[in-house]
Amino acid sequence: MSDDYAVGYGRPPQATRFKAGQSGNPKGRPKGSHNLFTLLHDAMQTRVPVTINGRRVYLTKAEVAIRQQVDNAAKGDLRALTFLVKAMAQAVPPPTGSSADQKTELTTEQCNAIFEALVREHAAEGGL
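1. What to know about the overall build of the protein chain
Line of reasoning, step 1. Per the secondary structure count, the protein chain includes 5 helices and 2 strands.
Line of reasoning, step 2. Beginning at the N terminus, the succession of helices and strands in the protein chain can be written as α-β-β-α-α-α-α.
Line of reasoning, step 3. The buried share of the protein chain, taken over its 128 residues, is 10%.
Line of reasoning, step 4. Taking as baseline every contact in the protein chain between residues at least 6 positions apart, the subset at least 24 positions apart corresponds to 14%.
Line of reasoning, step 5. Accessible area for the protein chain stands at about 10,800 Å²; split by element, carbon and sulfur atoms hold 56% of it.

Okay, structure coming up:
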(Lines give C-alpha, C1' and ligand atoms only; values in the text may rest on other atoms or scores of the structure.)
Protein backbone atom coordinates (compact mmCIF):
# COMPACT_ATOMS: atom_id res chain seq x y z
CA MET A 1 0.00 0.00 0.00
CA SER A 2 1.02 3.52 -0.61
CA ASP A 3 1.37 5.96 2.31
CA ASP A 4 0.15 8.89 0.20
CA TYR A 5 -3.39 7.40 -0.31
CA ALA A 6 -5.96 9.71 1.30
CA VAL A 7 -8.79 7.86 3.04
CA GLY A 8 -12.07 9.77 3.08
CA TYR A 9 -15.55 10.08 1.56
CA GLY A 10 -15.78 7.73 -1.42
CA ARG A 11 -12.25 6.46 -0.77
CA PRO A 12 -12.38 3.57 1.72
CA PRO A 13 -9.21 1.97 3.03
CA GLN A 14 -7.80 -0.37 0.42
CA ALA A 15 -7.71 -3.27 2.86
CA THR A 16 -11.52 -3.14 3.37
CA ARG A 17 -12.54 -2.94 -0.29
CA PHE A 18 -14.24 -5.88 -2.01
CA LYS A 19 -11.74 -8.28 -3.50
CA ALA A 20 -11.80 -8.74 -7.27
CA GLY A 21 -14.38 -11.37 -8.24
CA GLN A 22 -16.03 -11.35 -4.80
CA SER A 23 -19.68 -10.37 -4.51
CA GLY A 24 -20.73 -7.59 -2.19
CA ASN A 25 -23.85 -9.58 -1.35
CA PRO A 26 -22.94 -13.29 -1.33
CA LYS A 27 -26.40 -14.35 -0.08
CA GLY A 28 -28.19 -12.29 -2.73
CA ARG A 29 -30.11 -13.44 -5.79
CA PRO A 30 -28.58 -16.64 -7.17
CA LYS A 31 -27.30 -16.63 -10.73
CA GLY A 32 -29.77 -17.98 -13.23
CA SER A 33 -32.89 -17.16 -11.23
CA HIS A 34 -35.75 -15.62 -13.21
CA ASN A 35 -37.96 -12.65 -12.51
CA LEU A 36 -41.68 -12.49 -13.32
CA PHE A 37 -41.15 -10.95 -16.77
CA THR A 38 -38.71 -13.70 -17.80
CA LEU A 39 -41.04 -16.43 -16.56
CA LEU A 40 -44.02 -14.93 -18.40
CA HIS A 41 -41.99 -14.43 -21.58
CA ASP A 42 -40.75 -18.02 -21.52
CA ALA A 43 -44.28 -19.33 -20.93
CA MET A 44 -45.71 -17.28 -23.81
CA GLN A 45 -42.98 -18.52 -26.18
CA THR A 46 -43.83 -22.18 -25.57
CA ARG A 47 -44.97 -23.83 -28.80
CA VAL A 48 -48.23 -25.78 -28.78
CA PRO A 49 -49.93 -27.84 -31.52
CA VAL A 50 -52.93 -26.13 -33.13
CA THR A 51 -55.19 -27.32 -35.96
CA ILE A 52 -55.77 -24.63 -38.61
CA ASN A 53 -57.80 -25.51 -41.70
CA GLY A 54 -57.34 -29.22 -40.98
CA ARG A 55 -53.56 -28.99 -40.71
CA ARG A 56 -51.60 -29.33 -37.51
CA VAL A 57 -49.17 -26.47 -36.96
CA TYR A 58 -47.10 -25.39 -33.97
CA LEU A 59 -47.60 -21.83 -32.77
CA THR A 60 -46.44 -20.00 -29.68
CA LYS A 61 -48.98 -19.44 -26.92
CA ALA A 62 -48.73 -15.70 -27.63
CA GLU A 63 -49.72 -16.27 -31.27
CA VAL A 64 -52.63 -18.47 -30.21
CA ALA A 65 -53.85 -15.84 -27.73
CA ILE A 66 -53.75 -13.08 -30.36
CA ARG A 67 -55.58 -15.29 -32.89
CA GLN A 68 -58.29 -15.99 -30.29
CA GLN A 69 -58.69 -12.28 -29.56
CA VAL A 70 -59.03 -11.51 -33.27
CA ASP A 71 -61.60 -14.31 -33.71
CA ASN A 72 -63.60 -13.10 -30.69
CA ALA A 73 -63.54 -9.50 -31.94
CA ALA A 74 -64.77 -10.67 -35.35
CA LYS A 75 -67.69 -12.40 -33.59
CA GLY A 76 -68.68 -9.11 -31.94
CA ASP A 77 -66.97 -9.33 -28.55
CA LEU A 78 -66.44 -5.69 -27.57
CA ARG A 79 -63.87 -6.48 -24.90
CA ALA A 80 -61.73 -8.33 -27.43
CA LEU A 81 -62.16 -5.48 -29.90
CA THR A 82 -61.15 -2.92 -27.26
CA PHE A 83 -58.04 -4.94 -26.45
CA LEU A 84 -57.06 -5.23 -30.12
CA VAL A 85 -57.56 -1.53 -30.86
CA LYS A 86 -55.43 -0.56 -27.86
CA ALA A 87 -52.78 -3.12 -28.76
CA MET A 88 -52.69 -1.88 -32.36
CA ALA A 89 -52.38 1.73 -31.20
CA GLN A 90 -49.37 0.79 -29.06
CA ALA A 91 -47.81 -1.39 -31.76
CA VAL A 92 -47.85 1.29 -34.48
CA PRO A 93 -44.27 2.56 -34.81
CA PRO A 94 -43.67 6.31 -34.49
CA PRO A 95 -43.54 8.27 -37.77
CA THR A 96 -40.15 8.18 -39.47
CA GLY A 97 -40.38 11.69 -40.86
CA SER A 98 -41.36 10.80 -44.41
CA SER A 99 -44.77 12.15 -45.42
CA ALA A 100 -45.50 8.95 -47.38
CA ASP A 101 -44.96 6.82 -44.26
CA GLN A 102 -47.13 9.09 -42.10
CA LYS A 103 -50.10 8.70 -44.43
CA THR A 104 -50.17 4.90 -44.07
CA GLU A 105 -49.92 4.73 -40.26
CA LEU A 106 -52.81 5.18 -37.87
CA THR A 107 -52.47 7.52 -34.91
CA THR A 108 -53.97 6.76 -31.52
CA GLU A 109 -56.70 9.33 -32.17
CA GLN A 110 -57.60 7.63 -35.46
CA CYS A 111 -57.75 4.23 -33.75
CA ASN A 112 -60.00 5.67 -31.04
CA ALA A 113 -62.28 7.22 -33.66
CA ILE A 114 -62.53 3.91 -35.52
CA PHE A 115 -63.29 2.09 -32.29
CA GLU A 116 -65.99 4.59 -31.28
CA ALA A 117 -67.59 4.28 -34.74
CA LEU A 118 -67.62 0.48 -34.43
CA VAL A 119 -69.21 0.71 -30.98
CA ARG A 120 -71.91 3.10 -32.26
CA GLU A 121 -72.58 0.82 -35.22
CA HIS A 122 -72.81 -2.22 -32.95
CA ALA A 123 -75.18 -0.37 -30.58
CA ALA A 124 -77.36 0.72 -33.51
CA GLU A 125 -77.72 -2.93 -34.55
CA GLY A 126 -79.05 -3.73 -31.08
CA GLY A 127 -75.87 -5.39 -29.81
CA LEU A 128 -75.64 -3.31 -26.63
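Alright, that's what it looks like, and here's the rest.
2. Brief notes about helix H2 (residues 61–74)
Line of reasoning, step 1. Compared with an ideal rise of 1.5 Å per residue, which puts 14 residues at 20 Å, H2 spans 20 Å between its outermost C-alpha atoms and is within 8% of the ideal.
Line of reasoning, step 2. Taken from the residues just after H2, Gly76 is the one with a positive phi, measuring 105°.

3. Remarks on the packing of H2 against helix H3 (residues 78–91)
Line of reasoning, step 1. For the pair H2 and H3, the least separation of the axes is 7 Å and the interaxial angle reads 125°. Relative to H3, the element H2 is oriented oblique. Like other packed secondary-structure pairs, H2 and H3 cross with a definite hand, here left-handed. Residues Ile66, Gln69, Val70, Asn72 and Ala73 of H2 pack against Ala80, Leu81, Phe83 and Leu84 of H3.
Line of reasoning, step 2. Grouping the amino acids of the contact of H2 with H3 by side-chain chemistry returns 7 nonpolar, 2 polar and no charged.

4. Brief notes about H3
Line of reasoning, step 1. Helix length check: H3 (14 residues) gives 20 Å between terminal C-alpha atoms against 20 Å at 1.5 Å per residue, within 8%.
Line of reasoning, step 2. Burial in H3 covers these residues: Ala80, Leu81, Leu84, Val85 and Ala89. Taken end-on, H3 shows its buried residues confined to a sector of 165°, consistent with a single buried face. In H3, the exposed residues that point more than 90 degrees away from the buried face are Arg79, Lys86 and Gln90.
Line of reasoning, step 3. In this structure Asp77 caps H3, since a side-chain oxygen of it lies 3.1 Å from the backbone nitrogen of Arg79.

5. Focus: the pairing of strand S1 (residues 47–52)
Line of reasoning, step 1. Pairing of S1 with strand S2 (residues 55–60) involves 6 bridges; the strand directions are antiparallel. Each residue of the ladder has a partner; that of Val48, found in S2, is Leu59.

6. A short note on unusual backbone geometry
Line of reasoning, step 1. One non-glycine residue, Asn53, lies in positive phi territory at about 55°.
Line of reasoning, step 2. Here Asn53 shows up in the loop between S1 and S2.
Line of reasoning, step 3. In this structure Asn53 comes out as exposed when scored by relative accessible area, which is 79%.

Rules used in this analysis
- Residues numbered from 1 in each chain as written.
- Predicted model: local features only at pLDDT ≥ 70, side-chain atom pairs only at ≥ 80, totals over all residues.
- Heavy atoms only, no water.
- Helix = DSSP H or I, 4+ residues; strand = E, 2+ residues; numbered from the N terminus.
- Buried < 20%, exposed > 50% of the residue type's maximum accessible area, 1.4 Å probe, protein only.
- Contact = heavy atoms within 4.5 Å.
- Areas by Shrake-Rupley, 256 points an atom, 1.4 Å probe, with all protein chains shown as cover.
- Expected span 1.5 Å × (residues − 1).
- Axes fitted to C-alpha atoms, helices over the stretch in contact; angles between N-to-C directions.
- Parallel < 35°, antiparallel > 145°, perpendicular 65-115°, else oblique.
- Left-handed = near helix turned anticlockwise from the far one by under 90°.
- Nonpolar A, V, L, I, M, F, W, Y, C, P; charged D, E, K, R; others polar.
- Arc of directions from axis to C-beta.
- Polar contact = N/O pair within 3.5 Å; in protein donor to acceptor, adjacent residues only side chain to side chain.
- Pairing = 2+ DSSP bridges.

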